[in-house]
Amino acid sequence: MNTPFEMKNDADRIVYVKAVDVADLPDKLRSQAGDLEQIYAVHDASGQQLALVADRKLAFVLARENDYMPVTVH
């Protein structure tokens, strides 16, 4: 079989999930976090923040629903 197949660059579809202490957020975001002490940020490969969510599981679900491959940053 010599059928051409366009390979998608999966590296462009990776996002990074990391825990963020609510105390480190700007006042406006801190007030929206309620009584949470930690939330999770989703970043693209260039470091741009794409989302802030309440828990790790939600961050992974959000990424996958948008065709991204989430990985954890320690």
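Overview of the structure. (Residues numbered from 1 in each chain as written. Predicted model: local features only at pLDDT ≥ 70, side-chain atom pairs only at ≥ 80, totals over all residues. Heavy atoms only, no water.)

1. Description of the pattern of salt bridges
Here comes step 1: Under the defined criterion, the tally for this structure stands at 1 salt bridge.
Here comes step 2: Of the charged contacts in the structure, one is a salt bridge between D27 and R30, with a shortest N-O distance of 2.2 Å. Of this pair, D27 and R30 both sit in helix α1 (residues 27-32), 3 residues apart, which is roughly one turn of the helix.
Here comes step 3: A residue is classified by how much of its surface remains accessible, and D27, at 57% relative accessible area, is exposed. (Salt bridge = Lys/Arg side-chain N within 4 Å of Asp/Glu carboxyl O. Helix = DSSP H or I, 4+ residues; strand = E, 2+ residues; numbered from the N terminus. Buried < 20%, exposed > 50% of the residue type's maximum accessible area, 1.4 Å probe, protein only.)

2. Overview of the side chain of D44
Here comes step 1: Within the secondary structure, D44 sits in the loop between β2 (38-43) and β3 (49-53).
Here comes step 2: Salt bridges are absent for the buried D44, whose nearest opposite-charge side chain, R13, sits at 9.5 Å.
Here comes step 3: Setting aside anything within four residues of it in sequence, one finds D44 in contact with I14, V15, Y16 and L50. (Lys, Arg positive; Asp, Glu negative; His and termini not counted. Contact = heavy atoms within 4.5 Å.)

3. A word on the sheet that holds strand β1 (residues 14-21)
Two pairing modes exist for strands in a sheet, parallel and antiparallel, and in both the strands are linked by backbone hydrogen bonds.
Here comes step 1: If you walk across this open sheet you meet the 4 strands as β3-β2-β1-β4, and the pairing is mixed. At either margin of the open sheet sits one strand with a lone partner, and together these are β3 and β4 (69-72). Between one strand and the next, the sheet's axes are offset by a mean angle of 30°, whatever the strand orientation.
Here comes step 2: Inspection of the sheet shows β1 paired to β4 by 4 bridges, in the parallel sense. The partner of Y16 across the bridge, within β4, is V71.
Here comes step 3: Relative to the sheet, helix α2 (residues 56-65) contacts β1, β2, β3 and β4, its axis offset from that of β4 by approximately 150°. (Pairing = 2+ DSSP bridges. Axes fitted to C-alpha atoms, helices over the stretch in contact; angles between N-to-C directions.)

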